[in-house]
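Next come the chains, spelled out residue by residue.
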Amino acid sequence: MFALASKEQSALPGFRVTLAYSVVYLGLIVLIPLAATFLKTASMTWPAFVEAVTSPRVLASYRLTFGTSLIAATVNVVFGLLVAWVLVRYRFPGKKFVDAFVDLPFALPTAVAGIALAAIYAKNGWIGQFMDPLGIKTAFSPLGVLIALTFIGLPFVVRTVQPVLEDLEPELEEAAVSLGASRWETFRRVLLPPLYPSLLTGFALAFARALGEYGSVVFISGNMPMKTEITPLLIITKLEQYDYAGATAIAVVMLIASFALLLFINLLQKWSLQKTRG
Amino acid sequence: MSIEVRNITKRFGSFTALNNVSLEVRSGELVALLGPSGSGKTTLLRIIAGLEFADAGSGQVCFNGEDVTHRSAAARQVGFAFQHYALFRHMTVFENIAFGLRVRPRAERPAESEIRRRVAELLKLVQLEQFEQRFPSQLSGGQRQRVALARALAVEPKVLLLDEPFGALDAKVRKELRRWLRELHEKVPITTLFVTHDQDEALEVASRIVVMNEGRIEQIGAPDEVYDRPANPFVYNFLGNVNLFHGRIHEGLVHLGNTAFAVAGHDAAASVPAIAYVRPHEIKVLSRPNGVGSLPALIRYVNSAGPLVRLELERADDRGPFSVELTREEGRGLALQPGAQVYVELKNLRVFADDYSI
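The structure reproduced in this document is the subject of the present report. If you're wondering where the values come from, they're calculated on a predicted model, not measured in any experiment.

**Some points on the packing of aromatic side chains**
No. 1: Counted by the stated rule, this structure contains twelve aromatic pairs over all chains.
No. 2: On the basis of an interplanar angle of 10° and a centroid distance of 6.2 Å, the ring pair of A:F203 and A:F207 is categorised as stacked. Of this pair, A:F203 and A:F207 both sit in helix α10 (residues 183–212), four residues apart, which is roughly one turn of that helix.
No. 3: Judged by relative accessible area, A:F203 falls into the buried class, the value being 16%.
No. 4: Classification of A:F207 by relative accessible area gives buried; the value is 1%.
No. 5: Here the aromatic cluster, defined as three or more aromatic residues joined through ring pairs, consists of B:Y236, B:Y277 and B:F352.
No. 6: In this structure, B:R151 packs its charged tip against the face of B:F88, placed 4.6 Å from the ring centre.
No. 7: Over the aromatic face of B:Y227 sits the side chain of B:R279, whose NZ or CZ is 4.0 Å from the ring centroid.

**Some points on the interface of chain B and chain A**
Reports of interface size often rely on the accessible area that becomes lost once the parts have come together.
No. 1: With 23 residues of chain B at the interface, the matching set in chain A holds 22 residues.
No. 2: Here chain B and chain A share an interface that buries about 2000 Å² over both sides, 64% of which is from carbon and sulfur atoms.
No. 3: Of all residues in chain B, the largest losses of buried area upon contact with chain A belong to B:R89, B:H90 and B:V103, amounting jointly to 30% of the total for that side.
No. 4: Summed over the shared surface of chain B and chain A, the number is two salt bridges.
No. 5: Across the chain B-chain A interface, the total number found is three residue pairs in polar contact (both at pLDDT 80 or more).
No. 6: Counting residues per element, the ones that place at least two in the side of chain B that touches chain A are α2 (73–76), β6 (78–81), α3 (93–102) and α5 (141–154) of chain B.
No. 7: If one sorts the elements of the side of chain B that touches chain A by residue count, α3(B) sits on top with three residues.

**Thoughts on the pairing of strand β7 (residues 159–163) of chain B**
All names here are of chain B.
No. 1: Across the five residues that make up β7, a large majority, five, are buried.
No. 2: With burial as the criterion, each face of β7 is covered, one bearing V159, L161 and D163 and the other bearing L160 and L162.
No. 3: In this sheet, β7 lies alongside β6 in parallel orientation, the contact comprising four bridges. By the bridge assignment for β7, F80 is matched with L161.

**Considering α5(B)**
Each α-helix turn comprises 3.6 residues. Residues three or four places apart therefore point the same way.
No. 1: Along its 14 residues, α5(B) runs 20 Å from first to last C-alpha, staying within 8% of the 20 Å computed at 1.5 Å per residue.
No. 2: Counting buried positions along α5(B) gives twelve out of 14 residues, so the element sits mostly inside the fold.
No. 3: Looking at α5(B), one finds that the buried residues are B:G142, B:Q143, B:Q145, B:R146, B:V147, B:A148, B:L149, B:A150, B:R151, B:A152, B:L153 and B:A154.
No. 4: Packing partners of the buried residues in α5(B) comprise α9 (170–178) of chain A together with β6, α3, α4 (112–125), β7 and α6 (171–187) of chain B.
No. 5: At the exit of α5(B) stands B:E156, carrying a positive phi of roughly 50°.

**Concerning the side chain of B:R76**
All names here are of chain B.
No. 1: For R76, the position within the fold is in helix α2.
No. 2: Salt bridges are absent for the buried R76, whose nearest opposite-charge side chain, D67, sits at 7.4 Å.
No. 3: Reaching out from R76, the side chain makes a polar contact with the backbone oxygen of I47 at a distance of 2.8 Å.
No. 4: Ignoring any residue separated from it by four or fewer positions in sequence, one finds R76 in contact with I47, I48, A49, G50, F53, V61, F63, V68, T69, H70 and R71.

**Things to note about unusual backbone geometry**
Among all residues save glycine, negative phi is the norm, and among peptide bonds the norm is trans.
Residues and elements named next belong to chain B.
No. 1: For N7, which is not a glycine, the phi torsion comes out positive at approximately 50°.
No. 2: By the element assignment, N7 lies in strand β1 (residues 3–12).
No. 3: Relative accessible area serves as the criterion here: at 37%, N7 is assigned to the partly exposed category.

**Looking at the environment of B:G50**
No. 1: Following the sequence through the fold, B:G50 ends up in the loop between α1 (41–49) and β4 (60–63).
No. 2: Put simply, B:G50 and B:A74 are 24 residues apart on the chain and 8.1 Å apart in space, counted from C-alpha to C-alpha.

**Some thoughts on the sheet that holds β6(B)**
All names here are of chain B.
No. 1: Here six strands make up an open sheet; going across it, the order is β6-β7-β8-β3-β9-β10 and the pairing mixed. Each end of this open sheet is capped by a strand with a single partner; those strands are β6 and β10 (216–221). Averaged over all neighbouring strand pairs, the angle between strand axes comes to 15°, with direction disregarded.
No. 2: Alignment of strand β3 (residues 30–34) against strand β8 (residues 191–196), held across five bridges, turns out to be parallel. Residue L30 lies in a different strand from β8, and its bridge partner there is T192.

**What about helix α8 (residues 142–167) of chain A?**
No. 1: Taking 1.5 Å as the rise per residue, α8(A) with 26 residues should run 38 Å; its terminal C-alpha atoms sit 38 Å apart, in good agreement.
No. 2: Its maximal kink placed at A:G153, α8(A) deviates by approximately 40°, while the proline A:P155 follows within four residues.

**A word on the sheet that holds strand β15 (residues 283–286) of chain B**
Residue and element names in this part refer to chain B.
No. 1: Spatially, five strands are ordered β15-β19-β16-β17-β18 in an open sheet, and the strand pairing comes out antiparallel. Among the strands making up the open sheet, the edge pair consists of β15 and β18 (321–327). Averaged over all neighbouring strand pairs, the angle between strand axes comes to 45°, with direction disregarded.
No. 2: Note that β15 and strand β19 (residues 341–346) share four bridges and pair antiparallel. By the bridge assignment for β19, K284 is matched with E345.

**Describing the nonpolar core**
Residues and elements named next belong to chain B.
No. 1: In this structure, L33, L44, F88, F99, L161 and L193 are the most contacted members of the largest nonpolar core, which totals 81 residues.
No. 2: The residues touching L44, leaving out its near neighbours within four places in the chain, are V5, L18, V21, L23, L33 and M212.
No. 3: Core analysis: the second largest hydrophobic core is formed by 47 residues, L30, L101, L125 and V147 among them.

What counts as what
Residues numbered from 1 in each chain as written. Chains lettered and ligands numbered in written order. Predicted model: local features only at pLDDT ≥ 70, side-chain atom pairs only at ≥ 80, totals over all residues. Heavy atoms only, no water. Phe/Tyr/Trp six-rings, centres within 6.5 Å; stacked < 30°, edge-to-face > 60°. Helix = DSSP H or I, 4+ residues; strand = E, 2+ residues; numbered from the N terminus. Buried < 20%, exposed > 50% of the residue type's maximum accessible area, 1.4 Å probe, protein only. Lys NZ or Arg CZ within 6 Å of the ring centre and 35° of its normal. Contact = heavy atoms within 4.5 Å. Buried area = accessible area lost by both parts, 1.4 Å probe. Salt bridge = Lys/Arg side-chain N within 4 Å of Asp/Glu carboxyl O. Polar contact = N/O pair within 3.5 Å; in protein donor to acceptor, adjacent residues only side chain to side chain. Pairing = 2+ DSSP bridges. Expected span 1.5 Å × (residues − 1). Lys, Arg positive; Asp, Glu negative; His and termini not counted. Axes fitted to C-alpha atoms, helices over the stretch in contact; angles between N-to-C directions. Bend = angle between axes of the 7 residues up to and from the residue. Core = buried A, V, L, I, M, F, W, Y, C linked by side-chain atoms within 4.5 Å.

Structure representation (structure tokens):
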């Protein structure tokens, strides 16, 4: 850290070059476009800004977007852990295929996923036709949004937990069992704690992805203002109406909120890493 | 508690890890399972612990005469220590040791104060009192293994099973821990079985040694017994340094080059190839032939550092190399120079017909 200030000789040279590169790169790719968003927003007056980001329709979309994103990330933590567990600990025919399937939500164009999900969960779709008589409306409801966001977030949890799980020696479980621990106690006290940091990372990634998701949601949500309209769609709508400042204003709010949440998760992760050091 | 293993067989695919093994360990004994890697010693230990199960229909594991073959590891009440400790990294030393007590069903779980007392007692036993709030990553290898042992002892096991307990430690710490383990066993005399591939460790620590090879037991006996009277060439080779002399057995005599030595137990053999085994310290070096039976040899190398004088010699007839250890006293009267011709007397010769594959 102090190598920048002092001219001490280091066994790991290249700090300055790599730091300079990182700063330039991050600046070009991340910071400058984001700064442009803020600049564009700054062209609005303060009352106009407040008006743009707090209208009832916008507030409803925040609630939907953040709410479903949080729930979807939580669902993914539970089931992603389960999938990772099965992939790491058991051998079964077709395991390689299942492993490859996990990455599909990464690779699939989100619009394709959205159309497929909408078709399946619509009233006359494969799954929707069974849900509808039960009074559960999936497509064109917040539940549909949740399904789409869960779909696209799954790989994040699986792929962050999997390597950590692979590193946990089976001897830990054997030690716990030989000490008389039940299966549940072994899971709760021995396996889960070392996984917390990676579960949090997976959660943060899935959550961040869900916040920004647009393509798959618009097909399944129905996009009804106040009900199933997500914030990214609202931004697109404003752009289509040539209301650039209004669009960037909402974007800025989303950016700040996401940043605050991700920072909080990162701090949480750092704290849990300290607890599970070693 | 005594352990009995009867006719246990275990295969992994086409590999036979244990081939019809039977073993009895008396209550309170400290027994070493000694063998090279792949000899099945760890598999046997894990089957006794219930972490692995023998092939269906192959035999029994009994504790105190009670059949536990199908009982789970948790129900067997054994303490198990792993080569790489398997400590819970996210728990302090204290919590690691307390683990076995905390996971008991509510009705049997000791009160918090009782847990504290027990853990403190165990920390004292393994001499780690001041480390209770440390994490495993902040301890040395030897300390970690002691924590692992304390953790295993916390549940008051009937049997203690240690898988290569000192295998991952450096030589000096290993030596200290060997003595420590023996002392621990005197203080807490529970039946203990430990796996090792280190013959010195087995000879020094155990009250009995089980020598294993290729899924079978080769010999069981007290350390001096297996060292002085190995049952077969494998045990001879595996325990301690040994010299091999190739020759022939004929009517009760073993012929090594032009010299014949009388050996017991081979009266009927008629000229079969044989290998004679002699330990380096069981060879006497002479400056001239003794008249009854001594081999001529050439000194190749002399190392007199330390309490013993070590010689590398070469037989004069077939140039076969062998080594000798002399005390300094014995070496004093001899002109021990590389290249000098000497004669050796073989004091404790064990001969096996050369049909035994090692």
